[in-house]
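# Structural features, examined
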Amino acid sequence: MLYLHLPFCHSKCIYCDFFSTPLARDMYGNYIDALGLEIAMRSDELNDSPTSVYIGGGTPSILPMDLAERLLKIVSEKVDVNKVKEWTVEMNPEDVTPELLDLYASYGVNRISMGVQTFHDVTLKKIGRRHSVEQAEQAIELIRERGFNHSLDLIYGLPGEGMEQWIVSLEKLLEYHPRHFSAYLLSYEPGTALYRMMEQGRVTEASEETSIEMYNILCEKAIQHGYEHYEISNFALPGFRSYHNSRYWIGTPYLGIGCSAHSFTNGTRKSNPADIKGYISSIRNGNIFYEEEYETPEEKLNDVIITSLRTAEGMNTDLLATFPESVAMEFTDNMNRLIRSGNINLSGNRLIIPERRWLEADAIMRELIV
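Overview of the structure. (Residues numbered from 1 in each chain as written. Predicted model: local features only at pLDDT ≥ 70, side-chain atom pairs only at ≥ 80, totals over all residues. Heavy atoms only, no water.)

### Some points on the nonpolar core
Formed by 96 residues in total, the largest nonpolar core has its most connected members in Leu4, Trp87, Phe181, Tyr279 and Phe331. When neighbours within four sequence positions are excluded, Phe181 is seen to be in contact with Ser151, Leu152, Leu170, Leu173, Leu174, Leu218, Ala222, Tyr227, Ser233, Asn234 and Phe235. In this structure, Cys16, Ile127, Leu186 and Met197 belong to the second largest nonpolar core, which totals twelve residues. (Core = buried A, V, L, I, M, F, W, Y, C linked by side-chain atoms within 4.5 Å. Buried < 20%, exposed > 50% of the residue type's maximum accessible area, 1.4 Å probe, protein only. Contact = heavy atoms within 4.5 Å.)

### Quick word on the sheet that holds strand S5 (residues 149–156)
Across the sheet, which stays open at both edges, the nine strands sit in the order S7-S8-S6-S5-S4-S3-S2-S1-S9 with mixed pairing between neighbours. Only two strands of the sheet have a single partner each, and these edge strands are strand S7 (228–231) and strand S9 (255–257). Along the sheet, successive strands turn relative to each other by an average axial angle of 20°, direction set aside. As defined by bridge partners, S7 adjoins strand S8 (residues 234–236) across three bridges and the pair is classed as antiparallel. In the sheet register, Glu228 faces S8, and the bridge partner there is Ala236. (Pairing = 2+ DSSP bridges. Helix = DSSP H or I, 4+ residues; strand = E, 2+ residues; numbered from the N terminus. Axes fitted to C-alpha atoms, helices over the stretch in contact; angles between N-to-C directions.)

### Quick notes on unusual backbone geometry
Along the chain, Gly57 connects to Gly58 via a cis peptide bond; the corresponding omega equals 20°. Within the element layout of this structure, Gly58 appears in the loop between strand S2 (52–57) and helix H2 (65–78). Even without being glycine, His177 reaches a positive phi, approximately 50°. Secondary-structure assignment places His177 in the loop between helix H6 (163–176) and strand S6 (180–185). For His177, a relative accessible area of 36% corresponds to the partly exposed category. A positive phi is found at Asn266, a non-glycine position, where the angle reads about 55°. Locating Asn266 in the fold gives a position in the loop between strand S10 (262–265) and strand S11 (268–271).

### Details of a nonpolar patch on the surface
Together, Leu185, Ile212 and Leu359 make up a nonpolar patch on the protein surface, roughly 200 Å² of accessible area in all. Tracing the chain through its elements places Leu359 in the loop between strand S15 (350–352) and helix H13 (361–368). (Patch = residues over 30% accessible without salt bridge, like charges linked within 9 Å, V, L, I, M, F, W, Y side chains within 5 Å. Areas by Shrake-Rupley, 256 points an atom, 1.4 Å probe, with all protein chains shown as cover. Salt bridge = Lys/Arg side-chain N within 4 Å of Asp/Glu carboxyl O.)

### Remarks on the sheet that holds S11
The sheet built from three strands is open, its strands ordered S10-S11-S12 with antiparallel pairing. Edge positions in the sheet fall to S10 and strand S12 (291–293), since each has one partner strand and no second. For this sheet the average axis-to-axis angle between neighbouring strands, irrespective of direction, equals 30°.

### As for the packing of aromatic side chains
For the structure on display, the rule yields ten aromatic pairs. An angle of 85° between the planes, with centres 5.0 Å apart, marks the rings of Phe181 and Tyr227 as edge-to-face. Separated by 46 residues along the polypeptide, Phe181 in strand S6 and Tyr227 in the loop between helix H8 (208–224) and S7 bring together distant segments of the chain. With respect to class, Phe181 is no different from Tyr227; both count as buried. Aromatic pair Tyr279 and Phe289: ring centres 5.6 Å apart, planes at 75°, arrangement edge-to-face. Residue Tyr279 is found in helix H10 (residues 276–284), and its partner Phe289 is found in the loop between H10 and S12; the two are separated by ten residues along the sequence. (Phe/Tyr/Trp six-rings, centres within 6.5 Å; stacked < 30°, edge-to-face > 60°.)

### Considering the packing of H2 against helix H3 (residues 98–107)
At a minimum axis separation of 10 Å, H2 and H3 run at an interaxial angle of 15°. On the basis of their axis angle, the class for H2 and H3 is roughly parallel. Helix-helix and strand crossings are classified by hand; for H2 and H3 the assignment is right-handed. Contacts from Met65, Ala68, Glu69, Leu72, Lys73 and Ser76 of H2 reach H3 at Glu99, Leu100, Leu103, Tyr104 and Tyr107. When its residues are assigned to classes, the contact of H2 with H3 shows seven nonpolar, one polar and three charged. (Parallel < 35°, antiparallel > 145°, perpendicular 65-115°, else oblique. Left-handed = near helix turned anticlockwise from the far one by under 90°. Nonpolar A, V, L, I, M, F, W, Y, C, P; charged D, E, K, R; others polar.)

This is how it looks when you write it as structure tokens:
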């Protein structure tokens, strides 16, 4: 698995806590060249050519056509495209054009992930999105016409949006019947503009009761339209689960390229600092930029818990045999307590958080971790 991070945006959405900046346009070309150099420097970290490629951000689709092609060419030269089952690029609706989609297709990109977030223009402006509902609808049609596998994103619990607005957005998305979609409960992360607005009393977080009701409606309507709810925030028509993301959740090694990207290779986690200038300079000089993260057995088991229990398949408890006895025993004690409380189920060797409890998954997992 190969992930490339493009930390560039037209502007920063008020809820976004990912590393991105709208102030580095003069660095686009040098940054892309550095991505190519880093892939070459670290190619030995993957045992074989990746079977999935994901270009995320930020907003990869803001690149001018010549730089977009330079990036695609770098990937196609470093990766055996014939082995890639899924090559995803994240896009914003305002960037979608026939020419850009054709360019992606010509290099082997076969999946588009696009953030719609809501089908209400007033809310789009309020949260800092640059596109309109009309642009989102036109972009969806273009992506469908060109036959891309595609995923659309929605957010519920947005400022000023109640149950009626959420149902309208959800039903509008389902009318398009995308092969995959993601729906996230709005998170108020410290350091974001949204969090500051909440502290100032300018916006109010959706109540727990409202969030649960929105989530229940989401699950019901998704099932009615034939979707599998296979991860807390992800829904897919049969056969169209995200191959790339699904492999994260089962612990498959992956190489993350670019500043702020994370990797898990050769049993070790690594992270690139969030510093564009430092990244370009270091990679140009032939130096690695990542920092290794030493993990204790407890931390390794906690990684398994946090990733696998997000999914419908849950955690394979047979993995406990690979950990020290004291670690496995602590986990087992925590697990048994949660089973008795009804917050988690054990079926054979699969430990699963029931779908009805997925909004509480973070709290449940905190009680499981060792």
